[in-house]
Amino acid sequence: MYQPREVLRLLGGRHARDLTDYQQRLIAAICVGWTPQDIAAASGRSSKSVYRHIRELACHVLDPVGFEPTRDFLRTWAELHATCCCAPAFHLISKNRVL
Ligand SMILES: [Zn+2]
């Protein structure tokens, strides 16, 4: 396991500026604590597809730095990139328009 400080350094250095609009919405929902079931209900998608989309997003972001594709790591990553890669997601949160 990495030390907490090392986790933040590695995640902070991993930029992903190619996220889609839907992926920005997933990030926003995860950061405000929505569960995959909440996201499925709000978006009209099945829980199964929401789980798959979150996993694909987490793998896309976290695989290059060698982290498990968990929602906790994805949330930490997003918070570290609130003004760059995830700026659209945090804009959605500020407008209360997550999904
Ligand atoms: Zn970034």
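In the block above lies the structure referred to throughout.
Owing to the predicted nature of the structure, the values given are computational and were not obtained by experimental measurement.

Draft legend 1. Geometry of the overall build of the protein chain. When helices and strands are counted, the protein chain shows 6 helices and 0 strands. Along the protein chain, helices and strands appear, N-terminal first, in the series α-α-α-α-α-α. In terms of C-alpha radius of gyration, the protein chain reaches 13 Å, essentially the compact-globule figure of 13 Å for 99 residues. Its C-alpha atoms give the protein chain principal-axis dimensions of about 40 × 25 × 20 Å. By residue count, 30% of the 99 residues in the protein chain fall in the buried class. Summarising the internal contacts of the protein chain: among those between residues at least 6 apart in sequence, 63% fall at separations of at least 24.

Draft legend 2. Structural view of helix α2 (residues 21–31). Counted residue by residue, α2 has 9 buried out of 11 residues, so it is predominantly covered. Along α2, the positions that sit buried rather than exposed are Gln23, Gln24, Arg25, Leu26, Ile27, Ala28, Ala29, Ile30 and Cys31. Elements that come into contact with the buried residues of α2 comprise α3 (36–43), α4 (47–62), α5 (71–80) and α6 (87–94). Residue Gly33 follows α2 closely and has a positive phi angle near 90 degrees.

Draft legend 3. Layout of the nonpolar core. Leu26, Ile27, Ala28, Leu74, Trp77, Ala78 and Ala89 are the most contacted members of the largest nonpolar core, which has 25 residues in total. Listing elements by their share of this core, those giving two or more residues are α2, α4, α5 and α6. If sequence neighbours within four positions are ignored, Ala89 has contacts with Gln24, Ile27, Ala28, Cys31 and Ala78.

Draft legend 4. Representation of the environment of Trp34 within the structure. Mapping Trp34 onto the fold places it in the loop between α2 and α3. In this structure the C-alpha to C-alpha distance between Trp34 and Val98, which are 64 residues apart in sequence, comes to 9.7 Å. Those residues in contact with Trp34, other than ones at most four positions away along the chain, are Ala29 and Ile39.

Draft legend 5. Layout of the packing of α2 against α6. Across the interface, α2 lies against α6 with an axial gap of 8 Å and an inter-helix angle of 55 degrees. The orientation of α2 with respect to α6, classified from their angle, is oblique. Where α2 crosses over α6, the two elements pack in a sense that is right-handed. Between α2, through Gln24, Arg25, Ile27, Ala28 and Cys31, and α6, the contact on the second element is made entirely by Pro88, Ala89, Leu92 and Ile93. Among the residues forming the contact of α2 with α6, the class breakdown is 7 nonpolar, 1 polar and 1 charged.

What counts as what
- Residues numbered from 1 in each chain as written.
- Predicted model: local features only at pLDDT ≥ 70, side-chain atom pairs only at ≥ 80, totals over all residues.
- Helix = DSSP H or I, 4+ residues; strand = E, 2+ residues; numbered from the N terminus.
- Rg over C-alpha atoms; globule rule 2.2 N^0.38 Å.
- Buried ≥ 20, exposed ≤ 12 C-beta atoms within 10 Å, placed from the backbone.
- Contact = placed C-beta atoms within 7 Å.
- Core = buried A, V, L, I, M, F, W, Y, C linked by C-beta atoms within 7 Å.
- Axes fitted to C-alpha atoms, helices over the stretch in contact; angles between N-to-C directions.
- Parallel < 35°, antiparallel > 145°, perpendicular 65-115°, else oblique.
- Left-handed = near helix turned anticlockwise from the far one by under 90°.
- Nonpolar A, V, L, I, M, F, W, Y, C, P; charged D, E, K, R; others polar.

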